[in-house]
4 protein chains.
Amino acid sequence: MNRYQDIREAAYKANMQLPKLGLVLFTFGNVSAADRAAGVFAIKPSGVPYDELTPDKMVIVDFDGNTVEGSLRPSSDTKTHAVLYKHWEKIGGIVHTHSTYATAWAQAQRDIPIFGTTHADHNTVDIPCAPPMDDKMIHGDYEYETGFQIMDYLKAKGMSYEEVEMVLVGNHAPFTWGKTADKAVYNSAVLEEVARMAYLTEQIRADAPRLKDSLIKKHYERKHGPHSYYGQ
Amino acid sequence: MNRYQDIREAAYKANMQLPKLGLVLFTFGNVSAADRAAGVFAIKPSGVPYDELTPDKMVIVDFDGNTVEGSLRPSSDTKTHAVLYKHWEKIGGIVHTHSTYATAWAQAQRDIPIFGTTHADHNTVDIPCAPPMDDKMIHGDYEYETGFQIMDYLKAKGMSYEEVEMVLVGNHAPFTWGKTADKAVYNSAVLEEVARMAYLTEQIRADAPRLKDSLIKKHYERKHGPHSYYGQ
Amino acid sequence: MNRYQDIREAAYKANMQLPKLGLVLFTFGNVSAADRAAGVFAIKPSGVPYDELTPDKMVIVDFDGNTVEGSLRPSSDTKTHAVLYKHWEKIGGIVHTHSTYATAWAQAQRDIPIFGTTHADHNTVDIPCAPPMDDKMIHGDYEYETGFQIMDYLKAKGMSYEEVEMVLVGNHAPFTWGKTADKAVYNSAVLEEVARMAYLTEQIRADAPRLKDSLIKKHYERKHGPHSYYGQ
Amino acid sequence: MNRYQDIREAAYKANMQLPKLGLVLFTFGNVSAADRAAGVFAIKPSGVPYDELTPDKMVIVDFDGNTVEGSLRPSSDTKTHAVLYKHWEKIGGIVHTHSTYATAWAQAQRDIPIFGTTHADHNTVDIPCAPPMDDKMIHGDYEYETGFQIMDYLKAKGMSYEEVEMVLVGNHAPFTWGKTADKAVYNSAVLEEVARMAYLTEQIRADAPRLKDSLIKKHYERKHGPHSYYGQ
């Protein structure tokens, strides 16, 4: 049995969730799953339709972005994944999609305001939207720099990647992550729904106020705090 | 056979309707079904995905919120259900979802205006949106207080829970109820569609007028009055 | 074999198209099919879910609204159907739904502007929205008067029911008709799509101009004129 | 075996993708596939529902619009296809739909602004919207002139049909093309998604800026340039 079989299976299953959850058109998305002990991750091959994927087709890549195993080319976003795995030591899965509502907010270059408890159940802050990269980064190693753009923006905002597991890249689209690939996929679906609800909220009331701090804290802590008890 | 088998089955079937009707993402919703004679209700266990539910997994809880039977933890919203069952003696089912359009109105903290006969077939009033709770209630027994927030707001508006079977909780999401769990699920689906139509109506005409009283009365009474004859 | 078997089958099949085309929630719609020679029509029974319908359950009603055959109560909108069949001698099918976008325009009490060729392929005019009825009509024989409200409005606008096969009733919802029940269902689906496109068009450009006359005429005549040749 | 079997199959399969991708209601769309060596293309017959299509029913037409083989009438848009094949020598497939969001932009007579990388992965320019035709063209050979309207507008904008494989025809709907019928269908789905995202972007931020040149160039070239490496 292949030594990376576990992450091949995990990445395969997580990738197959994206079309089921309505988060991708054609091949506009990818998921990776990391094996921290081996220092590698399995990622979707580039341009392969979801209905032709198999665990064997996943590409094994190290945290510097070098292909370790696999005959297909890894996703063009592989270097972004590699940078995040290398610097964020507690994540085990990453997802990138162009899901419709989250991407619209990214194109508008706006943070997604926290308007309700659906959002607060998952985050205590507005979903951050990193600004588009400067031209030097774009002309350089673009996908590699995308990883740094994400990390630097969270750092500048004083946010921990362990608490805020999602970001929009301005003019581009969302990235999410988590302890596992499944959790990262879950976060992508939650982000898309929160983005859709926030859009509708502003349409219904242009000056809708942000959620007040006491509710933000209550909802986040009942799900994530030391005394968490949440589940619907 | 389990003495609570009837409400286990009723709660199970009603919960399974939520994903079919497009009212929930993941586990963001719950339904309960009450046995008035026994003074208990069956409710969805916390955090269990819909495709893993069975009637046996439903948790039996009394109207003070104490678990009577079941090895799983009941939904985190259980105390809200318990309070409503305890004080509203004629209801037999309760539903809580974060359905997209109803939740957007809740986030906008607006009542849903009565714009047409689809709404009037089910309610004679704007769907009420209770204000977010004050900080004392939030810091206290939050889910228990949510039940009182709902009851107190309906009372303040002079509305009967037997006539108005749905409410938005500001910044949170909708709750619906009814004589049975099935009726409460039906009300959740109607509310979501009414919320969607009202949103679109205001987009098409910003100053759309409320439905006139004669039409409100006519539509509601042909369905719910002593001489009701409605059905499509 | 039942003497009305043909219209029972036609009404049954046409009713079953409504949920497939996404035009109804629960039982919020109904279709009828007429037998002109026998002077009757078959219509959906009141309040029966679509998945429990059978041809046998259709109710046979004459053009004055009297039930001729059937043990179930006919749709509460039956008198509206009867009035239209009685006065519009060339129609063979009628559909009433509360489809989302068409109903939102009805609630906004606005005609749907003709913005493009999708609309012009089916109508040369803005889709008319009849005003809400006056209180005398509402307090009288409501469903019967609804039929007259529709007929009187088309007449006042100088429109022929043979050319304009769809209308919105203000604050209520759409009605469509046609030579057959199938054609009336087709018209309901076209109306819903045209209503959705017109809504989006105004969102994208608030002052979007109506389609110019030469294009209206060209598109309508290539499909409906004496030298029609249209089909995609 | 029929000498045009290859393009019959290609056109059939591509046409069947349209309803699966949610791009057509009823028969509101058509795809053709060309055989450059034989100087003909296979196109959907007029008015035949998708679930009754077979490869045998495709109509074989030459680049002047004459039917070469087939007993059914070709799509009413056949002359538009013929003109484009005749003048654009490197395309092998054409698609016409009335997909909802792209058609709404066409009805608004607006180019679709390039707001993000989803768009830039496929085009470096705003999606062009050709103005409605003048009355002389409309009264003349309408479908034939539609082809010229498309070609003339791209030429006036200085765009190459090999780089920009999609256009909106003002007040009408989109046309897309490509080296194969499959690629043209892919372009139709991408256009619809880009149209939807651009609509939402402007709703979320009315003055959303266009994507900056460096990002446009980067994304397009990583997918289409001489050193392309793109795939998700």
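What counts and how
Residues numbered from 1 in each chain as written. Chains lettered and ligands numbered in written order. Predicted model: local features only at pLDDT ≥ 70, side-chain atom pairs only at ≥ 80, totals over all residues. Heavy atoms only, no water. Helix = DSSP H or I, 4+ residues; strand = E, 2+ residues; numbered from the N terminus. Contact = heavy atoms within 4.5 Å. Areas by Shrake-Rupley, 256 points an atom, 1.4 Å probe, with all protein chains shown as cover. Lys, Arg positive; Asp, Glu negative; His and termini not counted. Charge placed at Lys NZ, Arg CZ, Asp CG, Glu CD. Axes fitted to C-alpha atoms, helices over the stretch in contact; angles between N-to-C directions. Left-handed = near helix turned anticlockwise from the far one by under 90°. Nonpolar A, V, L, I, M, F, W, Y, C, P; charged D, E, K, R; others polar. Phe/Tyr/Trp six-rings, centres within 6.5 Å; stacked < 30°, edge-to-face > 60°. Buried < 20%, exposed > 50% of the residue type's maximum accessible area, 1.4 Å probe, protein only. Lys NZ or Arg CZ within 6 Å of the ring centre and 35° of its normal. Least-squares fit on C-alpha atoms with pLDDT ≥ 70 in both. Pairing = 2+ DSSP bridges. Buried area = accessible area lost by both parts, 1.4 Å probe. Salt bridge = Lys/Arg side-chain N within 4 Å of Asp/Glu carboxyl O. Polar contact = N/O pair within 3.5 Å; in protein donor to acceptor, adjacent residues only side chain to side chain. Parallel < 35°, antiparallel > 145°, perpendicular 65-115°, else oblique.

A. Representation of the overall build of chain A in the model. In terms of helices and strands, chain A carries eight helices and eight strands. By its C-alpha atoms, chain A is 55 × 45 × 30 Å across when sized along the principal axes. For chain A, contacts bridging at least 24 residues in sequence account for 63% of all contacts bridging at least 6. For chain A, the exposed area adds up to about 8600 Å²; of that, 48% sits on carbon and sulfur atoms. Measuring between centres, the 25 positive side-chain charges of chain A sit 4 Å from its 30 negative side-chain charges.

B. A look at the packing of helix α3 (residues 100-107) of chain A against helix α7 (residues 181-204) of chain A. Residues and elements named next belong to chain A. Two elements in contact, α3 and α7, have axes whose closest approach is 7 Å; the angle formed by their N-to-C orientations is 65°. Of the two elements, α3 crosses α7, and the hand of that crossing is left-handed. In this structure, α3 contributes Thr100, Tyr101, Ala102 and Trp105 to the contact, and α7 contributes Leu191, Glu192, Ala195, Arg196, Ala198, Tyr199 and Glu202. Counted by class, the contact of α3 with α7 contains seven nonpolar, one polar and three charged residues.

C. The packing of aromatic side chains, seen in detail. Applying the stated criterion to the full structure yields 36 aromatic pairs over all chains. Judged by centre distance (4.9 Å) and plane angle (10°), the ring pair of Trp88 of chain B and Tyr161 of chain B falls under stacked. One end of the pair, Trp88 of chain B, is in the loop between α2 (78-87) and β5 (93-97); the other, Tyr161 of chain B, is in the loop between α6 (142-156) and β7 (166-169), and 73 residues separate them in sequence. There is no split in this pair, since Trp88 of chain B and Tyr161 of chain B are both buried. Measuring from centroid to centroid gives 5.6 Å for Phe63 of chain C and Tyr85 of chain C, while their planes differ by 20°, and the two rings are stacked. Placement of the pair is Phe63 of chain C in the loop between β3 (59-62) and β4 (67-69) and Tyr85 of chain C in helix α2 (residues 78-87), with a sequence separation of 22 residues. Here the two residues Phe63 of chain C and Tyr85 of chain C agree in accessibility, since each one is buried. Of the aromatic side chains, those joined through ring pairs into one cluster are Phe26 and Phe28 of chain A together with Tyr186 of chain D. Positioned above the aromatic ring of Tyr50 of chain C is the side chain of Lys44 of chain C, whose terminal nitrogen or guanidinium carbon lies 5.1 Å from the ring centre.

D. Representation of the relation of the copies chain A and chain B in the model. Least-squares fitting of chain A to chain B yields an RMSD of 0.0 Å, with the transformation described by 0.0 Å of translation along the axis and a rotation of 90°. Taken together, the rotation angle and the small translation identify this as a four-fold axis. Distance from the rotation axis, computed per C-alpha, reaches its smallest value in chain A at Gln203 of chain A: 5.7 Å. Comparing interface residues between copies, only 6% of those in chain A also sit at the interface in chain B, which points to a heterologous contact through distinct surfaces.

E. A look at the environment of Thr67 of chain D. The residue Thr67 of chain D is located in strand β4 (residues 67-69) in this model. A residue is classified by how much of its surface remains accessible, and Thr67 of chain D, at 41% relative accessible area, is partly exposed.

F. Structural context of the sheet that holds strand β5 (residues 93-97) of chain C. Residue and element names in this part refer to chain C. The sheet built from eight strands is open, its strands ordered β4-β3-β2-β1-β5-β8-β7-β6 with mixed pairing. Bordering the open sheet on either side are β4 and β6 (129-130), each of which pairs with just one other strand. Packed on one face of the sheet, helix α1 (residues 5-20) meets β1 (29-35), β2 (40-43), β3, β4 and β5 and runs near 155° to β1. Each of β6, β7 (166-169) and β8 (174-178) is contacted by helix α6 (residues 142-156), which is oriented at about 75° to β8, the strand it contacts most.

G. Summary view of the interface of chain A and chain B. Listed as interface residues are 33 residues of chain A and, on the opposing side, 40 residues of chain B. For the pair chain A and chain B, the two sides together bury roughly 3100 Å², of which 55% comes from carbon and sulfur. Run the count over chain A and chain B and you get three salt bridges. Across the chain A-chain B interface, the total number found is 16 residue pairs in polar contact (both at pLDDT 80 or more). Secondary structure elements with two or more residues in the side of chain A that touches chain B: α4 (117-120), α7 and α8 (213-224) of chain A. For the side of chain A that touches chain B, the element with the most residues is α7 of chain A, which contributes 12 residues. Its residues placed into classes, the side of chain A that touches chain B shows 15 nonpolar, 11 polar and seven charged.

H. Up close: the packing of α2 of chain B against α6 of chain B. Residue and element names in this part refer to chain B. Where α2 contacts α6, the axes come no closer than 7 Å and their chain directions differ by 45°. Regarding the angle of α2 to α6, the classification is oblique. Considering the relative orientation of α2 and α6, their crossing is right-handed. Contacts between α2 and α6 involve Lys79, Thr80, Val83, Leu84 and His87 on the former and, on the latter, Glu143, Tyr144, Thr146, Gly147, Phe148, Ile150 and Met151. Counted by class, the contact of α2 with α6 contains six nonpolar, four polar and two charged residues.

I. The pairing of strand β1 (residues 29-35) of chain A, seen in detail. All names here are of chain A. With six of its seven residues buried, β1 lies for the most part within the structure. For β1 and strand β5 (residues 93-97), the ladder comprises five bridges, and the chain directions are antiparallel. Looking at the pairing, Ala33 lines up with Gly93 of β5. By the bridge criterion, four bridges tie β1 to strand β2 (residues 40-43) in an arrangement that is antiparallel.

J. Representation of helix α2 (residues 78-87) of chain D in the model. Among the 10 residues that make up α2 of chain D, seven are buried, leaving the element largely enclosed by the rest of the structure. Listed as buried for α2 of chain D are Thr78, Thr80, His81, Ala82, Val83, Leu84 and Tyr85 of chain D.

K. Region of the structure containing the pattern of salt bridges. Counted under the stated rule, the structure contains 52 salt bridges over all chains. For the salt bridge of Glu165 of chain C with Lys183 of chain C, the shortest nitrogen-to-oxygen distance reads 2.8 Å. Here Glu165 of chain C, found in the loop between α6 and β7, pairs with Lys183 of chain C, found in helix α7 (residues 181-204); they are 18 residues apart in sequence, far enough to count as distant. Judged by its relative accessible area of 14%, Glu165 of chain C is buried. A salt bridge links Arg8 of chain D to Glu69 of chain D, with the shortest nitrogen-to-oxygen separation between them at 2.7 Å. Remark: Glu69 of chain D occurs in strand β4 and Arg8 of chain D occurs in helix α1 (residues 5-20); sequence separation between them is 61 residues. According to the relative accessible area criterion, Glu69 of chain D is partly exposed, its value standing at 25%. Three or more residues joined by partner-sharing salt bridges are found here, namely Asp77 and Glu143 of chain A together with Arg222 of chain D.

L. Layout of the sheet that holds strand β1 (residues 29-35) of chain B. Residue and element names in this part refer to chain B. Pairing is mixed in the open sheet, where eight strands are placed in the order β4-β3-β2-β1-β5-β8-β7-β6. Only two strands of the sheet have a single neighbouring strand rather than two, namely β4 (67-69) and β6 (129-130). In the packing of helix α7 (residues 181-204) onto the sheet, the strands contacted are β1, β5, β7 and β8 (174-178), and the crossing angle to β8 comes to about 140°.

M. Spatial organisation of the side chain of Thr117 of chain C. Along the polypeptide, Thr117 of chain C turns up in helix α4 (residues 117-120). Taking the relative accessible area as the measure of exposure, Thr117 of chain C reaches 1% and is therefore buried. Leave out the neighbours within four places in its chain, and Thr117 of chain C touches Leu211 and His219 of chain C together with His98, Tyr142, Asn171 and His172 of chain D.

N. Inspection of the side chain of His219 of chain B at higher detail. One can find His219 of chain B in helix α8 (residues 213-224). His219 of chain B gets classed as buried once you look at its relative accessible area, which sits at 0%. Beyond its immediate chain neighbours, meaning those up to four positions away, His219 of chain B contacts Thr117, Ala120 and Asp121 of chain B together with Tyr142 and His172 of chain C.

O. Highlighting unusual backbone geometry. Of note in the backbone geometry, Asn171 of chain B takes a positive phi value of approximately 65° without being a glycine. If you trace the backbone, Asn171 of chain B turns up in the loop between β7 and β8. The buried category is assigned to Asn171 of chain B, whose relative accessible area is 2%. Phi at Phe26 of chain C takes a positive value of approximately 50°, unusual for a residue other than glycine. Locating Phe26 of chain C in the fold gives a position in the loop between α1 and β1.

P. Representation of the pairing of strand β7 (residues 166-169) of chain D within the structure. Residue and element names in this part refer to chain D. Residues Met166 and Leu168 of β7 are buried on one face, and the alternating residues Val167 and Val169, pointing to the opposite face, are buried as well. Here strand β6 (residues 129-130) pairs with β7 via two bridges, running parallel. Bridge pairing links Ala130 to Val169 in β7. Bridge analysis of β7 against strand β8 (residues 174-178) gives three bridges, and the strand direction is antiparallel. Of the residues in β8, the one forming a bridge with Leu168 is Pro174. What sits between β7 and β8 in their antiparallel hairpin is a turn of four residues, with Asn171 showing a positive phi close to 65°.

Such coordinate-based values are descriptive only and should not be taken to indicate function.
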